[in-house]
Amino acid sequence: MDVSMYTEIISALSATMRVSTPLILAAMAGIFSERSGIVDISLEGKLLAGAFISAAVAAVTGSAWLGLGAAIVATMLLSLLHGFASITHNGNQVVSGVAINIIVSGMTVVLGIAWFHQSGQTPSLPNTARFMPLHLPGSETIGNIPILGDIYTKILGGHNLLVYVAFLSVALTWWVLFKTRFGLRLRAVGENPNAVDTAGISVAWLRYRAVLIAGILTGIGGTYISIAQNASFIREMSAGQGYIALAAMIFGKWKPVPAMFASLMFGFLDALSIRLQGVEIAGIGQIPVQAIQALPYILTVAILASFAGRAVAPKADGVPYVKER
Amino acid sequence: MRRQPLPAWADVILIPIINIALALLVAGAVIALIGENPFKAFSVMFQGAFGYAEGVGYTLYYATNFIFTGLAVAVAFHAMLFNIGGEGQAYIGGLGVALVLLAFDGMLPFWALLPLAIIAAMLFGAAWAAIPAYLQAYRGSHIVITTIMFNFIASNLMVYLLVNIFIVPGSMSPESRVFDSVAWLPSAHDFLARFGIDVAASPLNLSFIIALIAGVLVWLFIWHTRWGYAIRTVGFSEPAAEYAGINTKKIIMLTMLISGALAGMAGINEIMGVQHKLLLDFVAGYGFTGIAVALMGRNHPLGIVLASILFGALYQGGADLTFEMPNISREMVTAIQGFIILFSGALTYMSRPWLERLFGLFARTEATEEVPHGR
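Residues numbered from 1 in each chain as written. Chains lettered and ligands numbered in written order. Predicted model: local features only at pLDDT ≥ 70, side-chain atom pairs only at ≥ 80, totals over all residues.

J.: Lay out the overall build of chain B with the relevant residues and their values.
T.: Along chain B, the regular secondary structure elements total 16 helices and zero strands. Taken over the C-alpha trace, chain B has a radius of gyration of 22 Å; the compact-globule value for 375 residues is 21 Å, and the two agree within 12%. C-alpha atoms of chain B, sized along the principal axes, occupy 75 × 55 × 40 Å. Here chain B holds 375 residues, and 51% of them are scored as buried. Contacts in chain B between residues far apart in sequence, at least 24 positions, make up 77% of those at least 6 positions apart. (Helix = DSSP H or I, 4+ residues; strand = E, 2+ residues; numbered from the N terminus. Rg over C-alpha atoms; globule rule 2.2 N^0.38 Å. Buried ≥ 20, exposed ≤ 12 C-beta atoms within 10 Å, placed from the backbone. Contact = placed C-beta atoms within 7 Å.)

So, in structure tokens, the structure goes:
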């Protein structure tokens, strides 16, 4: 194997980690919400809202942490709105989610132009107002070991804090869902809310907590997109990642670890496709840029269409719970 | 507390009006939040939409697109399918129109071009809906996600086609050549001028009439044909439809193909009626507006036409608003659409309990009955 091939693989894997982060966070958000029985198409809008608010607050205050906090508050408010429509008023959950996506798509530009006068963009952030790459302890010594050193410093290390938060969220999601009483009840309310209600536990309160957790996770994901992966907010910058995360969640059968691997797979294919730009492929020739840009969306459809897309959702997913009287 | 069941007119007229009012109230709050006067903003919008003849023309031109995309979403809703792909289907429908006109505008007369272009718009729109429809019917893939993905794919495909294939050699902008004027739909002002009626020039054209005809046809189809009945049955209960001997998979395909064909018709208005060439992003969100229109119009063609005119006014008024008050961007209209979808789609009956109490108060003297809480 020649050296350039080796560095290409290392950089593709490193990019995979960065591209997958918002997908993982949004997929975990989707798992919390849908395991409790609330379909959440608004992951996309929440990522976009989180990206906008964090970039706006970081630009004004100069603090990435304040940006993150504000983004989480904003996305939790959107979750409350989704909950108000789908839990309190038994509204159509998909319609509510689409409404939130369209509201956010309009509002981020309206507020962006009103506040910053840069045709919907936020000002470019200095590094001090962003989440910057961290170096893992011992990088200097371990980095010198061939292969293993590159894996440690470039694939596992060298990312910003939020990348690690995303992977931590997978472990936490698994632990909360499968090892705590709250998680047991949350899963039960997504399968059979009637039974949970009969046991004297509030269906609505459980579902509200689930969508609020989804709000926190998407707030972190949105923050990552605008002030860690990039240095400002650009209109429509979530670019369908919320929907791709939903596909990853379905592909991962509503389970945290498989959903993480599905997100990583989407991320890897994305990282790979960027490297295909301008490359001549024997027999086909150069692949058009637009085909490469469309690839994540085509793959999403392909995966939903494959046998994996037929996975069974939680039984009460998307069904409003109306108490019998 | 005594409650009165709502009369039918309150359900059909009052509740939608309350929902629009709530959406505009929130929009007004947003305008106030960015430091502008909401009353002034709304009056600028109203003036822009209805205050002068040219504005009215633009309002109805936008409404034409929304009637098509709104009918598309509504037909799918009748089978409980949520087609968010109107955006992509309209885009590809426009591609079909352009292909026909570019190929035949030098040889065929207008009366032959129009039906061909309509067939192409419908076929291409339906084709773009066909794959998500098939995957929903036969593979159980979530149609909301697949249709959204097809919007993204359509957008990339059109950039590719325009930049590499349709572009006029030597030109910098990714657009096709302009069609021969024989292939242009007659505009309202030209058409009316023939009868000596003078109206201001606007993009309003014959496709507005075609859209109204489509509305009537959809009404006949959904409520007066066997297929329409089957579609509504599937929407009401898929297992029941299956039990009654309806092939639900075929009905899902049929519904989505019709839905895609209707969305594709927006290409007739935009490409054949207004732009007279194929260009990037001519759909400009009309597919998403169709969702708001269908929800507000309660999936009924008459409601959809009325809601389309309201949204046409929003679009046209919004354009004037940005001109008059530069601090409020055009995307305000997108946000208002979102609020309307929220209130009339997801929070439809939020106001009902209060209204029932209100009607209960005024109906004390009549025989009131105790209505159990909820519905």
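Further notes follow.
J.: Summarise the overall build of chain A; cite the residues concerned and give the values.
T.: Scanning chain A from N- to C-terminus turns up 13 helices and two strands. For 325 residues, the compact-globule estimate of 2.2 N^0.38 gives 20 Å, and the C-alpha radius of gyration of chain A, at 20 Å, lies within 12% of that figure. Each of the 325 residues in chain A was classed as buried or not, and the buried ones make up 51%. Within chain A, residue pairs in contact and separated by at least 24 positions form 77% of the contacts whose partners lie at least 6 positions apart.

J.: Tell me about the interface of chain B and chain A, residues and numbers included.
T.: Counting from both sides, the interface comprises 41 residues of chain B and, opposite them, 38 residues of chain A. Grouping the amino acids of the side of chain B that touches chain A by side-chain chemistry returns 27 nonpolar, 12 polar and two charged. (Nonpolar A, V, L, I, M, F, W, Y, C, P; charged D, E, K, R; others polar.)

J.: Describe unusual backbone geometry, with residues and values.
T.: Residue and element names in this part refer to chain A. Its identity as a non-glycine residue notwithstanding, asparagine 90 has a phi of 50°, on the positive side. Note on placement: asparagine 90 falls in the loop between helix H3 (64–88) and helix H4 (93–116). C-beta crowding within 10 Å serves as the criterion here: with 16 such atoms nearby, asparagine 90 is assigned to the partly exposed category. Residue serine 119 is not a glycine yet carries a positive backbone phi of 45°. For serine 119, the location among the structural elements is in the loop between H4 and helix H5 (139–142). For serine 119, a count of 11 C-beta atoms within 10 Å puts it in the exposed group.

J.: Residues and numbers for helix H8 (residues 207–224) of chain B, please.
T.: Across its 18 residues, H8(B) extends 25 Å between first and last C-alpha, which sits within 8% of the 26 Å expected from 1.5 Å per residue. Against the buried residues of H8(B) lie helix H3 (53–78), helix H9 (226–236), helix H11 (248–264), helix H12 (266–275) and helix H14 (301–324) of chain B. (Expected span 1.5 Å × (residues − 1).)

J.: Please set out the packing of helix H5 (residues 110–139) of chain B against H11(B) residue by residue, giving values where relevant.
T.: Residue and element names in this part refer to chain B. Their axes nearest at 7 Å, the elements H5 and H11 cross at an angle of 150°. What the angle tells us is that H5 and H11 run roughly antiparallel. The chirality of how H5 crosses H11 is right-handed. The residue inventory of the contact of H5 with H11, partitioned by class, reads 18 nonpolar, five polar and one charged. (Axes fitted to C-alpha atoms, helices over the stretch in contact; angles between N-to-C directions. Parallel < 35°, antiparallel > 145°, perpendicular 65-115°, else oblique. Left-handed = near helix turned anticlockwise from the far one by under 90°.)

J.: Requested: an account of helix H8 (residues 181–191) of chain A, with residues and values cited.
T.: Among the residues of H8(A), Leu186(A), Ala188(A), Val189(A) and Gly190(A) are the ones counted as buried. Where H8(A) is buried, its residues meet helix H1 (3–35), helix H7 (161–179), helix H9 (193–198) and helix H10 (203–228) of chain A.

J.: An account of the packing of helix H2 (residues 43–61) of chain A against helix H11 (residues 241–251) of chain A is needed here, citing residue identities and associated values.
T.: All names here are of chain A. Running from N to C, H2 and H11 cross one another at 135°; their axes reach a closest spacing of 7 Å. Of the possible angle classes, the one that applies to H2 and H11 is oblique. Where H2 crosses over H11, the handedness of that crossing is right-handed. Facing H2, whose interface residues are Leu43, Glu44 and Leu47, H11 presents Gln241, Gly242, Tyr243, Ala245 and Leu246.

J.: Explain the environment of Gly28(B) residue by residue, including any values.
T.: Here Gly28(B) shows up in helix H1 (residues 8–33). On the basis of neighbour count, Gly28(B) is assigned to the partly exposed category, with 17 C-beta atoms found within 10 Å.

J.: I'd like a description of the confidence of the model for chain B, backed by residues and values.
T.: Of all residues in chain B, 96% attain a pLDDT of 70 or more, and the chain-wide mean is 90. Confidence scores differ between elements of chain B, with helix H16 (residues 352–362) of chain B showing the lowest mean pLDDT of 81 and H11(B) the highest of 97. (pLDDT = per-residue confidence, 0-100.)

J.: Describe the environment of Val57(A), with residues and values.
T.: All names here are of chain A. You can see valine 57 is positioned in helix H2. Residue class for valine 57 comes out buried when judged on the 25 C-beta atoms lying within 10 Å of it. It is 4.9 Å that separates the C-alpha atoms of valine 57 and glycine 67, two residues lying 10 residues apart in sequence. With residues near it in sequence (within four places) discarded, valine 57 still touches Leu66, Gly67 and Ala70.

J.: Explain the environment of Arg185(A) to me, using residue names and the numbers behind them.
T.: Residue and element names in this part refer to chain A. Along the chain, arginine 185 turns up in helix H8. Distance from arginine 185 to valine 196, taken between C-alpha atoms, is 7.3 Å for residues 11 residues apart in sequence. In this view, arginine 185 contacts Val196, Ile201 and Leu206; residues no more than four positions away in its chain are not counted.

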